[in-house]
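# Structure assessment
One-letter residues, chain by chain:
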Amino acid sequence: MNFNVQTTTWKKVRATTVAFFQTEEKRGIRATIKGLGRTSAGASAETLLATGDMAGKKDEIFVLYPRRSESAAKRVFLVGLGKADKLSLETVRRASACAAKKAQKMKSKSLAIVLPAVKGASGAEIASAAVEGILLGLYKFDKFFKKEEPTVPIENVVIIDDGTSLRGSSAAEVKAAIEETQTITNATIFAREMENEPSNNKFPETLANWAKEVGQAHGVKVTIFGPKELAANKMVGILGVNQGSAKEARFIMMEYMGAPKKDTPPIVLVGKGITFDTGGISIKPAPGMGEMKGDMSGAATVIATMKSVASLKLPVNVVGLVSSAENMPSGTAMRPGDILTYSNGLSVEVDNTDAEGRLVLADALIWAERYKPKSVIDLATLTGACVIALGHVTTGMMGNDTSMMERLKRAGDATYERVCELPIYDEYDELIKSDVADIKNVGGRWGGAITAAMFLKRFTNYPWVHLDIAGTAISDTAGDYIPKGGTGVGVRLLTRMLKEEANA
Ligand code: BES
Ligand code: MN
Ligand code: ZN
């Protein structure tokens with residue numbers, strides 16, 4: 001899909017569909033109301049607004065057909081934004097997604113947009129939000145369908161610059177912002193693709209290959225550990241969890257050293273890469289187990305963020321680490337009661353083989369130490385408890401790096417990939433005490449998201465943040481620009497934070 005900014009008016013723009021946005025207060029299109037045409041039932045824009053039939057509500061779209069003599073476009077969309085005082089960049093993402101989906105359904109090969117005004121936001125920011133909404137909204141995991149009627153993709157999106165419509169930004173600024181947003185959005189879609197891939201096509205080796213592809217395409221150094229290196233480095237968590245699988249485990253290291261000084265301490269991203277989580281011998285119940293193909297979402301986010309950061313050539317040092325295994329029950333699988341002794345000397349009683357994420361992450365957290373990191377951020381679909389606490393709306397955030405947590409909070413609000421802090425008070429440590437080892441891998445019924453973090457904390461001795469994306473990475477309902485299934489959550493969040501790091 002091509003995006004460009006054209007200096008023209010809506011009547012002259014070379015696009016089949018032109019979209020106007022409108023709040024419930026009916027601000028926005030008054031000046032252009034003449035010539036927008038009529039609906040197929042014959043109502044004009046004036047009538048729609050005067051009768052209140054078009055109320056400007058969220059998700060509302062009216063289609064008008066202008067007269068050929070009036071405009072070059074075949075059709076006009078009036079897209080509702082909801083209440084003016086609630087209008088934000090998120091509104092623009094959602095409304096643009098709705099408009100793009102409708103345009104694509106109508107087989108419109110080009111879509112022109114008159115950007116709505118958003119208080120406090122520049123035209124470049126508003127355009128970026130529109131681009132995110134369009135690209136993320138049109139994403140579909142449809143490669144397995146036999147295509148009866150192939151979708152006609154939108155080929156061109158035009159941001160109209162009629163002198164006032166860019167809301168204070170120059171065309172060049174808008175163009176640059178769009179380009180950057182496309183890169184980040186494409187990386188998000190790459191993460192979704194990895195997440196949605198079924199687990200008969202996706203094993204630890206597959207994750208390693210995806211990482212290598214990113215490495216080759218964007219100049220990221222990629223190193224992979226297989227069974228031999230995992231054993232040599234005493235990565236007992238990854239090996240233990242993978243013990244029941246017919247496939248081999250992998251540990252993936254990606255290094256992008258873009259900072260002016262190569263010895264600037266890097267930010268290390270750690271991802272949970274369980275390519276399928278049956279629970280192992282502590283097997284999960286059947287309903288919904290299929291969702292566990294997405295239990296490598298943390299890994300997908302890390303790999304895709306490396307792609308995003310390297311394509312943007314951000315002047316930062318970033319390392320991506322992924323612990324990947326397949327959690328299967330079998331005659332060779334790890335048993336409840338088994339004890340693992342990690343390379344840092346800490347022993348762990350495996351009380352429940354379904355709490356496997358923390359076991360594989362521990363190896364990576366120990367490994368991260370050798371980079372002398374400025375901060376380590378791990379991402380994992382770690383606990384059902386986090387979904388109980390925060391639903392599918394917010395990522396759970398825990399850690400000791402308070403300044404990084406503040407930055408992630410801000411980046412989360414800006415990208416709408418919001419994070420919410422949960423406490424990691426010392427008292428919770430009691431819950432992971434074991435009778436037979438230093439700690440155990442489950443903390444009982446209460447505070448499950450937190451006890452998982454308490455476990456991870458034992459393997460960190462540097463500034464650290466843990467993001468539990470169990471609720472936000474795998475969506476059970478389709479939103480305007482967030483589909484059912486893999487969401488790619490975290491790529492936009494982390495890239496935003498790293499962009500800020502680059503400017504610091
Ligand atoms: N991958 C799951 C967590 C999960 C649940 C992610 C639902 C996404 C949606 C994780 O490995 C797991 O099984 N956690 C257990 C931990 C428990 C045994 C302490 C859980 O949450 O039930
Ligand atoms: Mn599990
Ligand atoms: Zn899991």
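Residues numbered from 1 in each chain as written. Chains lettered and ligands numbered in written order. Predicted model: local features only at pLDDT ≥ 70, side-chain atom pairs only at ≥ 80, totals over all residues. Heavy atoms only, no water.

## Overview of the coordination of the manganese ion (ligand 2)
This is how it is decided: Note on donors: an N, O or S atom is included if it sits within 2.8 Å of the metal, or within 3.2 Å for Na, K and Ca, and water is never included, so sites can look incomplete. Any coordination sphere not matching a tetrahedral pattern (four donors, all angles between 85 and 135 degrees) or a square planar or octahedral pattern (four or six donors, opposite donors over 155 degrees apart, other angles between 65 and 115) is reported as irregular. The numbering of helices and of strands both runs from the N terminus, where a helix is a DSSP run of H or I of at least 4 residues and a strand a run of E of at least 2.
Every protein donor of the manganese ion (ligand 2) is accounted for by Asp 277 (OD), Asp 354 (O), Asp 354 (OD) and Glu 356 (OE), and the metal-donor separations fall at 2.1 to 2.2 Å. For the manganese ion (ligand 2), the six donor atoms in the first shell make angles of 70 to 168° at the metal, so the coordination geometry reads as irregular. All donors of the manganese ion (ligand 2) come from a single chain, and their spacing in sequence reads D-x76-D-x1-E. Taken as a pair, the manganese ion (ligand 2) and the zinc ion (ligand 3) show a spacing of 3.2 Å, with Asp 277 coordinating each metal. Remark: Asp 354 occurs in the loop between strand E12 (347-349) and helix H9 (357-368) and Asp 277 occurs in strand E9 (residues 267-277); sequence separation between them is 77 residues.

## Comments concerning the sheet that holds strand E5 (residues 110-113)
Where we set the bar: DSSP-based pairing: two strands are paired if at least 2 bridges between them are found. Only C-alpha atoms enter the line fits that serve as axes; for helices the fit covers just the stretch in contact. Angles between N-to-C directions range over 0 to 180 degrees. Whether two residues touch is decided by their heavy atoms; if any such pair falls within 4.5 Å, the residues are in contact.
Read across the open sheet, the six strands follow the order E1-E6-E5-E2-E4-E3; overall the sheet is mixed. Only two strands of the sheet have a single partner each, and these edge strands are strand E1 (2-7) and strand E3 (61-64). For this sheet the average axis-to-axis angle between neighbouring strands, irrespective of direction, equals 25°. Pairing analysis gives six bridges linking E1 to strand E6 (residues 156-161), with the strands arranged parallel. Across the sheet, the residue bridging to Asn 2 is Asn 156, located in E6. Where helix H2 (residues 89-105) meets the sheet, its contacts fall on strand E2 (17-22), E3, strand E4 (75-80) and E5, and the angle it forms with E4 comes to roughly 145°.

## Overview of the site of ligand 1
The test is simple: A molecule or strand has a residue near it when one of that residue's heavy atoms lies within 4 Å. For the purposes of these results, a polar contact is taken to be a pair of N or O atoms within 3.5 Å, where, inside protein, one atom must be able to donate a hydrogen and its partner to accept one; residues adjacent in sequence count only when each atom of the pair is a side-chain atom. A 1.4 Å probe and the Shrake-Rupley method give the accessible areas. Residues count as covered only by the protein chains that appear here. For this scheme, ten residues count as nonpolar: Ala, Val, Leu, Ile, Met, Phe, Trp, Tyr, Cys and Pro. Four count as charged, namely Asp, Glu, Lys and Arg, and the remainder, Gly too, count as polar.
Taken together, 15 residues lie near ligand 1, and Lys 284, Asp 295, Asp 354, Glu 356 and Gly 384 sit nearest. The contact in question runs from an oxygen atom of ligand 1 to an N or O atom on the side chain of Lys 272, over 3.2 Å. Within the contact set of ligand 1, an oxygen atom lies 2.9 Å away from a side-chain nitrogen or oxygen of Asp 277. Protein coverage of the free-state accessible area of ligand 1, which is 520 Å², stands at 77%. The residue makeup of the shell around ligand 1, split by class, is four nonpolar, four polar and seven charged.

## Topic: the packing of helix H5 (residues 204-218) against helix H8 (residues 297-311)
Rule in force here: Under this scheme an angle from 65 to 115 degrees is roughly perpendicular, one under 35 degrees roughly parallel, and one over 145 degrees roughly antiparallel; angles in between are oblique.
H8 packs onto H5 with a crossing angle of 5° between their chain directions and a minimal axis gap of 10 Å. When the interaxial angle is binned, H5 and H8 end up roughly parallel. Within the contact between the two elements, H5 uses Leu 207, Trp 210, Ala 211, Val 214 and His 218 and H8 uses Ala 299, Ile 303, Met 306, Lys 307, Ala 310 and Ser 311. The residue makeup of the contact of H5 with H8, split by class, is eight nonpolar, two polar and one charged.

## Concerning the environment of Thr 301
Along the polypeptide, Thr 301 turns up in helix H8. As a C-alpha pair, Thr 301 and Gly 345 span 44 residues in sequence and 30 Å in three-dimensional space. Apart from the residues lying within four places of it in its own chain, the contact partners of Thr 301 are Leu 379, Ile 469, Val 489, Gly 490, Val 491 and Leu 494. From its side chain, Thr 301 meets the backbone oxygen of Val 489 in a polar contact 2.9 Å long.

## Quick look at empty space enclosed by the protein
What counts here: Here a cavity denotes grid points, spaced 1 Å and computed from the protein atoms alone, that fit a 1.4 Å probe unable to get out, and a pocket denotes an open set having protein on both sides within 12 Å along at least 5 of 7 lines; residues with an atom within 4 Å of a point are the lining. Grid points are joined across faces, edges and corners, and a volume is the space filled by probe spheres set on the points.
Considering all chains together, one arrives at two cavities of 30 Å³ or more under this definition. Put simply, the largest cavity is a space of about 40 Å³. As for the largest cavity, its lining consists of Leu 379, Thr 395, Glu 417, Arg 418, Val 419, Leu 467, Ile 469, Val 489, Gly 490 and Leu 493. Tallied by class, residues from the lining of the largest cavity come to six nonpolar, two polar and two charged.

## With respect to the coordination of the zinc ion (ligand 3)
Around the zinc ion (ligand 3), the protein supplies Lys 272 (NZ), Asp 277 (OD), Asp 295 (OD) and Glu 356 (OE) as donor atoms, at distances of 2.0 to 2.4 Å. One can describe the site at the zinc ion (ligand 3) as octahedral: its six donor atoms subtend angles covering 79 to 173° at the metal. Mapped onto the polypeptide sequence, the residues donating to the zinc ion (ligand 3) form the spacing pattern K-x4-D-x17-D-x60-E.

## Regarding the pattern of salt bridges
It is possible for side chains of opposite charge to pair when their charged atoms get near one another. Selection criterion: Here, a salt bridge means any side-chain nitrogen of Lys or Arg that lies within 4 Å of a carboxyl oxygen of Asp or Glu. Three exposure classes are used, based on accessible area relative to the maximum for each residue type with a 1.4 Å probe and protein chains only: buried under 20%, partly exposed in between, and exposed over 50%.
Scanning the model with the defined rule gives 26 salt bridges in all. Between Glu 500 and Arg 407 there is a salt bridge, with the nearest N and O atoms lying 3.2 Å from each other. Here Arg 407 lies in helix H11 (residues 402-415) and Glu 500 lies in helix H13 (residues 491-503), a separation of 93 residues in the sequence. Under the relative-accessibility criterion, Arg 407 is labelled buried at 13%. As a salt-bridge pair, Arg 410 and Glu 500 come within 3.1 Å of each other at their nearest N and O atoms. Pair noted here: Arg 410 is in helix H11 and Glu 500 is in helix H13, with a separation of 90 residues, a long-range link. For Arg 410, a relative accessible area of 47% puts it in the partly exposed group. Judged by relative accessible area, Glu 500 falls into the partly exposed class, the value being 30%. Through salt bridges with shared partners, a single network forms among Glu 90, Arg 93, Arg 94, Glu 132, Glu 417, Asp 480 and Arg 492.

## So, the environment of Ile 474
Residue placement: Ile 474 occurs in strand E18 (residues 474-475). When the C-alpha atoms of Ile 474 and His 392 are compared, they prove to be 8.0 Å apart, with 82 residues separating the residues in sequence. If we skip the residues at most four places from it in the chain, Ile 474 touches Glu 291, Gly 294, Ser 297, Thr 381, His 392 and Gly 485.

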